[in-house]
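Listed here are the chains, written in short residue letters.
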Amino acid sequence: MSETAAGPAIRRLDDWSAADLADLADEYGTPLYVTDLDRVRENAARLLDAFPDADVRYAVKAHTGRAVLEAVRDAGLGAECASAGEVVRALDAGYDAVQYTAVNPPAADLDVVLDRWRAGADLTVVAGARDTIDRLRDRGYDGRLAVRVNPGVGAGHHEKVTTGGHAKFGVPYDRAPELLAGARADFDVVGIHAHAGSGISGDQLDAHRELVARMGDLAREVGDLAFVDVGGGFGVPYHEDEPPLDPDAVADATREALGDVDAELAVEPGRYLVADAGVLLTRVNTVKPVDGGGTDGTVPVVAGVDAGMTTLLRPAMYDAYHAIRNLTAERPERPVTVAGPVCETADLFCEGRTMPTPRRGDLLAIGNAGAYGYEMASTYNSRPRPAEAVREGDEVRLARERETIAGVTDLEVGR
Ligand SMILES: *Cc1c(COP(=O)(O)O)cnc(C)c1O
């Protein structure tokens, strides 16, 4: 592995410069996402080093910001898209090869994607149901087609991100050969695809191996394929004491489990490329003691901050852990609950976590916010979505403006 291009295996929240982040918060305000494009490039290089003979596709839904799309494209990855919007954004960002993995695709999505295909886009469609194949045929599509298979095994750190075994995703494993054979008359059948969910880690490699082995068996059974896509889900350590994933170990396990197939291996990680390239900056606006707590004399506090579940949804949706660091001061520690401004009990970034006693005005950084951060932001509670700054070398620029309150009501008719 070339250490220079691929960088360290993980960038921890402590590795970010507090002074630099504080400058950014002063310049652009909070809440603010900060994305380091150099780190995105390092992550891409590490993956390409581990999978030199595979087709590596970026699952763009982890972060579809234009600057990130371009950085990943420049690194030489293709794009894996989950919607028409993602296909359009990937093509606009200059990706040559775009894979569209349609999950129960709305008609409008198919229409938009196939318009782009007719206009010459180099597209592969991955269908997860016979119905979807029929709808593609009805629309005159006869291009590259892959079939998403439900491998019956799933990996994932939370039940909501385990997709491999759920009937929503893919066609039943046993029906795949017949479906593929039937599709060959009308399409250029190029591949089989599976995605188990998110959270492949060192100790969950067994589930990944099982999925890949099943895909290898299927590839040998059906034959005549250009690729076997075994999905994404490469984990990142959200906890400070978790070891980073070793992509070489994942690559070795993958090749070994796949066995001999006359088709290219494809992987499509999302999170791995962007998670540790992003932090969320948020400022403390309210500090209050928690009644009745504190046996050792330290009173736990709730720190209200200006980011919430509408800014970074993962803690509320997945019970996800994110590291939190006080960038303003080192102070004696106590149990702190960091809470957002949204009127929902789930609107918490952590509960009773030991950290420096916060004060109003402190700047906090939330780590590993580069994946599924801005993407899942919403305007619930009429809260405008945050701004995003990107860093590249010594340069920093605004990548997305902060939404305004007027922007939130922009689409209202007859106002
Ligand atoms: C979300 C998704 C991915 C990427 O998952 P990560 O956990 O971000 O790596 C890959 N493939 C498909 C089909 C997905 O839906």
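Bear in mind the structure is a predicted one, so any value in this text is a computation, not a measurement.

### Focus: the environment of threonine 404
Here comes step 1: On the secondary structure map, threonine 404 appears in the loop between β18 (395–400) and α13 (405–408).
Here comes step 2: On the basis of relative accessible area, threonine 404 is assigned to the partly exposed category, the value being 46%.
Here comes step 3: Here the alpha-carbon distance between threonine 404 and arginine 46, two residues 358 residues apart in the chain, equals 38 Å.
Here comes step 4: Among the polar contacts listed, one links the side chain of threonine 404 to the backbone nitrogen of glycine 407, at a separation of 2.9 Å.

### A closer look at the state of the cysteines
Here comes step 1: Taken as a whole and judged by the stated rule, the model has zero disulfides.
Here comes step 2: Summary of cysteine pairing: cysteine 343 is not part of a disulfide, and the nearest cysteine sulfur, belonging to cysteine 350, is at 19 Å.
Here comes step 3: Look at cysteine 343 and you get exposed, because its relative accessible area is 68%.

### Thoughts on the environment of valine 299
Here comes step 1: Mapping valine 299 onto the fold places it in the loop between β11 (278–289) and β12 (301–305).
Here comes step 2: Put simply, valine 299 and leucine 265 are 34 residues apart on the chain and 55 Å apart in space, counted from C-alpha to C-alpha.
Here comes step 3: With residues near it in sequence (within four places) discarded, valine 299 still touches Pro289, Val290 and Arg334.

### Looking at the packing of aromatic side chains
Here comes step 1: If you walk through the whole model with that rule in mind, you get five aromatic pairs.
Here comes step 2: Seen in terms of ring centroids, tyrosine 33 and tyrosine 374 are 6.2 Å apart; in terms of plane orientation they differ by 70°. Their pairing is edge-to-face. In this pair, tyrosine 33 is assigned in strand β1 (residues 32–36) and tyrosine 374 in the loop between β16 (363–366) and β17 (387–392), connecting sequence segments 341 residues apart. Both residues of the pair, tyrosine 33 and tyrosine 374, belong to the buried class.
Here comes step 3: When the ring of phenylalanine 234 is compared with that of tyrosine 272, the centres are 6.4 Å apart and the planes differ by 65°; the resulting orientation is edge-to-face. One end of the pair, phenylalanine 234, is in the loop between β9 (227–229) and α10 (247–258); the other, tyrosine 272, is in helix α11 (residues 271–274), with 38 residues separating them in the sequence.
Here comes step 4: For phenylalanine 234, a relative accessible area of 1% translates into the label buried.

### Re the side chain of glutamate 268
Here comes step 1: Assignment of secondary structure puts glutamate 268 in the loop between β10 (264–267) and α11.
Here comes step 2: Although buried, glutamate 268 forms no salt bridge, and the nearest oppositely charged side chain, arginine 57, lies 5.0 Å from it.
Here comes step 3: A polar contact of 3.2 Å, which involves the side chain of glutamate 268, links it to the side chain of glutamine 99.
Here comes step 4: Other than its neighbours up to four places away in sequence, glutamate 268 contacts Arg57, Ala59, Glu80, Gln99, His193, His195, Asp229, Gly231 and Gly232.

### Brief notes about the packing of helix α8 (residues 176–183) against helix α9 (residues 205–222)
Here comes step 1: Following both chains from N to C, one finds α8 and α9 inclined at 45°, their axes separated by 10 Å at the closest point. Overall, the two elements α8 and α9 adopt an arrangement that is oblique. For the element pair α8 and α9, the recorded crossing hand is right-handed. In this structure, α8 uses Ala176, Pro177 and Leu180 to contact α9, whose residues at the interface are Leu218, Glu221 and Val222.
Here comes step 2: Grouping the amino acids of the contact of α8 with α9 by side-chain chemistry returns five nonpolar, no polar and one charged.

### Section: the domain arrangement of the chain
Here comes step 1: Here the chain is partitioned into domain 1 (96–269) and domain 2 (276–409).
Here comes step 2: In this structure, domain 1 and domain 2 have C-alpha centres spaced 34 Å apart.

Definitions and limits used
Residues numbered from 1 in each chain as written. Predicted model: local features only at pLDDT ≥ 70, side-chain atom pairs only at ≥ 80, totals over all residues. Heavy atoms only, no water. Helix = DSSP H or I, 4+ residues; strand = E, 2+ residues; numbered from the N terminus. Buried < 20%, exposed > 50% of the residue type's maximum accessible area, 1.4 Å probe, protein only. Polar contact = N/O pair within 3.5 Å; in protein donor to acceptor, adjacent residues only side chain to side chain. Disulfide = S-S within 2.5 Å. Contact = heavy atoms within 4.5 Å. Phe/Tyr/Trp six-rings, centres within 6.5 Å; stacked < 30°, edge-to-face > 60°. Lys, Arg positive; Asp, Glu negative; His and termini not counted. Salt bridge = Lys/Arg side-chain N within 4 Å of Asp/Glu carboxyl O. Axes fitted to C-alpha atoms, helices over the stretch in contact; angles between N-to-C directions. Parallel < 35°, antiparallel > 145°, perpendicular 65-115°, else oblique. Left-handed = near helix turned anticlockwise from the far one by under 90°. Nonpolar A, V, L, I, M, F, W, Y, C, P; charged D, E, K, R; others polar. Domains from an automatic or database assignment.

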